[in-house]
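A look at the structure
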Amino acid sequence: MKSEDKPLLKERGRNRTRWTRWNPKAGKVPFRLMGAAGLLCLWVFLIGGCGAGTIKNMKTNIEDIKISSHMQKKEHHELIRILQPMMDRKEPLSSFRVFLLAAAYYEVRDYEKMFRTVDILEQQIGRGDVGGYGGNLTVYPQILRGYAYLDLGAFDKALAEASKGLVVLQRDAKQDNTFFRTQLIDLSCIAGIASALAGKASDADAHLKAIEDVTTVASILGPEKYIAMARIYMAKQDYGRALAAVQNPRAKVLGLYTAFYDQTFQELPKYFILVKCLYETGREEEAKNGYDQLLGHPQIRQIGGLLWPVLLDRARIARRAGDANKAEALLKEAVEVIEKQRASINTETGRIGYVGDKQAVYRELIALLCDAGRMADAFEYVERAKGRALVDLLAAQTAIAVRGKSAAVTGRTLNRLAQAEQAEATVAEVNDTSKTTTTRGVVLKLKKELQAQDPELASVTTVMETDIRTIQAHLQSDEAILEYYETERTWYAFVLTRKHIWATAVDGAGLVKDVQDFRQKLNRIGSTDYKTQAQALYAKIFAPVAGWLSEGKLIIVPHGVLHYLPFGALLSGKEFLIDRHQLRILPSASILVILAGKGSIDKPSALILGNPDLKNPSYDLKFAEQEALSLSRIIPQATVLLRDHARADVIREKGHQFGILHFAAHGVFDPENPLGSALLLAGNGPEQGFLKAGDLYQLRLDSDLITLSACETALSVVSKGDDVIGFTRGFLFAGARSIVSSLWKVDDQATRDLMVAFYERLPRMDKDKALREAQLQIKKQYPHPFYWAAFQLTGLPK
């Protein structure tokens, strides 16, 4: 590459702006290693330590210099290649080398191996091997774990590690050296970012003050100090102060230290902070130039957590400038970056303090495609967005079981896929373009194998593309899909039949409040003031698509707040939506393909759990017990377990034996921890009887129907990314064909009557029709929607 072709980086001084050129051939690489200053201190002291001691010590020092130089050059895989076999052979490794190995795993984002290596480091430190060469490694286990937890989005754990490290640092470290100050900066940075992202602004400010008070006189800590401050300001979304920190002229290395310290060591993350702050503070032309330089840098594509936010912002700039083609290309590249990894829950939060919303990429692209009238393309990206949201959320919160008769084969495919994705990441890191196509081809092939072997597992571990024609082929001639999607500015409604797709923007202004108000009014039993809200919501979100829908079967795929909406209770005037349509719910349209591939269930027996004994009379459900007994007279081969026999461990151990599982019990929804939402069953102690949503991803039930005749069991936590996770999605993963669940705390007696009516009809009609007719019957008995509108069917109708 000619000098004039090399990407530029902007350096700002007190009275000047200067552009320098990257040198990709230089031995030191422009990428910020976590704890760079601390590692550099050790590296400098290694050099100083070579002049004293025995020949053996000198040889060890020289070897340590050589090994640590791989970290300085960003040759992380080479460093792993050297040190990991030594550890595997149980050769004695100094804490310094174990630290280097753990830091290398952090840099390649292999967090599992990083945590394992950090544990070894902590054990060695506990035995007295705290470092050497003038440095102290005592708090580096907390620093490494803290930065990793930031990247993984576990901000509470990051804060706990940083707090522990700060206590140890103040107790054990000498406070008059560079090592203490760089460790103080790292730990305060972690704590500050975690506090800011947890909404604890005053705590974040306290950690900012601690960093601000660190002296950088006659040291290499200028860049560390001011970039740490900028990252905390980024986490607080205070882009003006972040910009001032990253541009501070004191963020320089001075004097003799410049012989050892390459300031480009930190430049990519630092430059991203600079450009992002320019963008967020309205200096769009400067930001445009900066993003173009970042995209032109040969190493940016090695750091997916930085690349996709750069592509997103640059696409937004292009779109506002009227260049839709460029914006589309940039956004599609960003989607590819996001979807390359099976579960890319990691971010660059620890490096830049910025938590990007990957769903924003999809929203921007979908809005662009809709504006261009390309509704089929937009619909396919809506489905990919929902798939990505689920993959990320589950990867962050729970382990996924590999189950079933072919579990061994599927497990091997999953492991091979993980190895192939790691190989793909390695190829990207070393910038080996000759192998890019080959490694990508292997990944795609293994994803298809996984989808064929276990579609449910593939749906929660990878994002598979499902084209619109495949979804249409799985629709019956008399049914349609109505799918909603919210972008940052507009709500869209898509209608899909076997032969057509239509889409339109709908009025989403104030929709969250409208749904909340509607639900509150539905709980005012005896009042009719819900009708005004029911009609207003119908006019907003359903009337614009009503002309494309014939009466009959309707599959609704909600988004965001619409997951909380009882669609059957929407009012067109004199009739409810349930009067005209046979409704069922799906979490995504693509799951229709997975459900259609399920075979029939040859399990005629049913397991009914009713009124579990929760050791508190206030939780007793008189009518739930009656409901269970009534259903046992309707369903052949039914096993009824009541009170203390209605236990969670029965489901875990024997649930797979039954075609129908019915829970007449309490359910609770935890919006802060959706996988902690639980069905309250009997058990030996507190929470032992809880069947939690997270447990379902470890079970294989293969039931034809699961009925959750309990409170709030259809509810799931939702966000702009449609991160829907709760009982219904969990039971679908566990193999259920259909789930009946509720949207609010339902009247005990009305629920009993509705369930009896539903099961009485089930032998002679489809599930969605049986549920609709049962609801219409209860509506005659209890006209207010509170009594009948909460229940919904998710999954297959037959």
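Residues numbered from 1 in each chain as written. Predicted model: local features only at pLDDT ≥ 70, side-chain atom pairs only at ≥ 80, totals over all residues. Heavy atoms only, no water.

1. Some details on the pattern of salt bridges
Where we set the bar: When a carboxyl oxygen of Asp or Glu lies within 4 Å of a side-chain nitrogen of Lys or Arg, that pair is called a salt bridge. Helix and strand assignments follow DSSP, with helices taken as H or I runs no shorter than four residues and strands as E runs no shorter than two, numbered in order from the N terminus. Working definition: with a 1.4 Å probe on protein chains only, accessible area under 20% of the residue-type maximum means buried, over 50% means exposed, and in between means partly exposed.
Tallied over the entire structure, the rule returns 41 salt bridges. The closest approach of N and O atoms between Glu78 and Arg81, which form a salt bridge, is 2.6 Å. Within this pair, Glu78 and its partner Arg81 are both found in helix H3 (residues 76-88), separated by 3 residues, close to a single helical turn. The class for Glu78 is partly exposed, based on a relative accessible area of 27%. Residue Arg81 is classed as exposed on the basis of its relative accessible area of 52%. Taken together, the salt bridges that share partners define one network made up of Lys276, Glu280, Asp313, Arg316, Arg319, Glu364, Asp371 and Arg489.

2. So, the pairing of strand S7 (residues 501-506)
Threshold: For two strands to pair, DSSP has to find at least two bridges joining them.
Where strand S6 (residues 491-496) meets S7, 6 bridges bridge the pair, whose relative direction is antiparallel. Paired with Tyr492 across the strands is Ala505, a residue of S7. Remark: 4 residues form the turn of the hairpin made by S6 and S7, two consecutive strands paired antiparallel.

3. Regarding the packing of aromatic side chains
Heads up, the condition is: Aromatic pairs are defined between Phe, Tyr and Trp rings, using the six-membered ring for Trp, whenever the two ring centres lie within 6.5 Å; interplanar angles under 30 degrees are classed as stacked, those over 60 as edge-to-face, and all others as tilted. Remark: a charge is flagged as sitting over a ring if the NZ atom of Lys or the CZ atom of Arg is within 6 Å of the ring centre and within 35 degrees of the ring normal.
According to the stated counting rule, one finds 14 aromatic pairs in the structure shown. Between Trp744 and Phe786 the ring centres are 6.5 Å apart and the planes differ by 15 degrees, which places this aromatic pair in the stacked class. One end of the pair, Trp744, is in the loop between strand S19 (738-742) and helix H30 (748-761); the other, Phe786, is in the loop between helix H31 (767-781) and strand S20 (791-795), with 42 residues separating them in the sequence. Consider the rings of Phe758 and Tyr759, whose centres lie 5.1 Å apart with planes at 70 degrees: the pair is edge-to-face. One aromatic cluster is present, built from ring pairs that chain together Trp744, Tyr782, Phe786 and Tyr787. One cation-aromatic arrangement involves Lys779 over Trp788; the distance from NZ or CZ to the ring centre is 5.9 Å.

4. Thoughts on unusual backbone geometry
Not every positive phi belongs to a glycine, and Arg643 is a case in point at roughly 50 degrees. Structurally, the position occupied by Arg643 is in strand S11 (residues 638-643). The residue Asp702 is not glycine, and still its phi comes out positive at about 50 degrees. With respect to the helices and strands, the residue Asp702 is situated in the loop between strand S15 (690-692) and strand S16 (705-708).

5. Focus on the sheet that holds S15
Taking strand neighbours across the sheet as the criterion, the 3 strands line up as S13-S14-S15 in an open arrangement whose pairing is antiparallel. Lying at the two open borders of the sheet, with one neighbouring strand each, are strand S13 (667-668) and S15. Examined bridge by bridge, strand S14 (residues 678-680) and S15 share 3 bridges and lie antiparallel to one another. Across the sheet, residue Ala678 finds its bridge partner in S15, namely Lys692.

6. Brief notes about helix H27 (residues 622-634)
Short version of the rule: Under the convention used throughout, the expected extent of a helix is 1.5 Å for every residue step, that is, one less than its residue count. Residue contacts are counted whenever heavy atoms from the two residues lie within 4.5 Å of one another.
Compared with an ideal rise of 1.5 Å per residue, which puts 13 residues at 18 Å, H27 spans 19 Å between its outermost C-alpha atoms and is within 8% of the ideal. Of the positions making up H27, those classed as buried are Phe623, Ala624, Glu627, Ala628, Ser630 and Leu631. Buried positions along H27 lie against strand S10 (606-612), S11, strand S12 (660-664) and H30.

7. Brief notes about the packing of helix H4 (residues 95-107) against helix H6 (residues 140-151)
Heads up, the rule is: Note on geometry: axes are C-alpha line fits, over the in-contact stretch for helices, and angles between N-to-C directions span 0 to 180 degrees. An angle counts as roughly parallel when it lies under 35 degrees, as roughly antiparallel when it exceeds 145, as roughly perpendicular when it falls between 65 and 115, and as oblique in every other case. Under this grouping Gly is polar, as are all residues other than the nonpolar Ala, Val, Leu, Ile, Met, Phe, Trp, Tyr, Cys and Pro and the charged Asp, Glu, Lys and Arg.
Running from N to C, H4 and H6 point in directions that differ by 5 degrees, and their axes come no closer than 11 Å. Classified by the angle their axes make, H4 and H6 are roughly parallel. Taking contact as the criterion, the partners of Phe99, Ala102, Ala103 and Tyr106 in H4 are, on H6, Tyr140, Leu144, Tyr147, Ala148 and Asp151. When the residues that make up the contact of H4 with H6 are grouped by side-chain class, the tally is 8 nonpolar, no polar and 1 charged.

8. Regarding the side chain of Gln359
This is how it is decided: Contacts described as polar in this section are N or O atom pairs within 3.5 Å, which, within protein, must combine one atom able to donate a hydrogen with one able to accept it, while residues neighboring in sequence count only if both atoms come from side chains.
Mapping Gln359 onto the fold places it in helix H17 (residues 359-371). A residue is classified by how much of its surface remains accessible, and Gln359, at 5% relative accessible area, is buried. Among the polar contacts made by the side chain of Gln359, one reaches the main-chain carbonyl oxygen of Ala385 at a distance of 3.0 Å.

9. Focus: H4
Given 3.6 residues per helical turn, the α-helix brings residues three or four places apart onto the same face. Taking 1.5 Å per residue as the helical rise, H4 with its 13 residues ought to reach 18 Å, and the 18 Å between its terminal C-alpha atoms agrees with that figure. For H4, the buried fraction is high: 13 of the 13 residues fall into the buried class. Of the residues flanking the end of H4, it is Arg109, one or two places downstream, whose phi is positive at about 65 degrees.

10. Describing the confidence of the model for the chain
Reading predicted coordinates in detail is not appropriate for stretches of low pLDDT. For clarity, the cut-off: Per-residue confidence from the predictor is reported as pLDDT, which spans 0 to 100.
Considering every residue of the chain, the mean pLDDT works out to 77; 71% of them sit at 70 or more. In the model of the chain, strand S2 (residues 17-21) stands out as the element of lowest mean pLDDT, 37, in contrast to helix H9 (residues 201-212), which has the highest, 94. For residues 253-266, every residue scores under 50 in pLDDT, and the model assigns this stretch 42 contacts once sequence neighbours within four places are set aside. Between residues 342-346, whose pLDDT stays under 50, and residues either more than four places distant or in other chains, the model counts 27 contacts.

11. Concerning the pairing of S19
Within S19, 5 of the 5 residues are buried, which leaves it mostly tucked inside the rest of the structure. Sheet topology places S16 next to S19; 2 bridges connect them, and they run parallel. Across the sheet, residue Ile706 finds its bridge partner in S19, namely Ile739.

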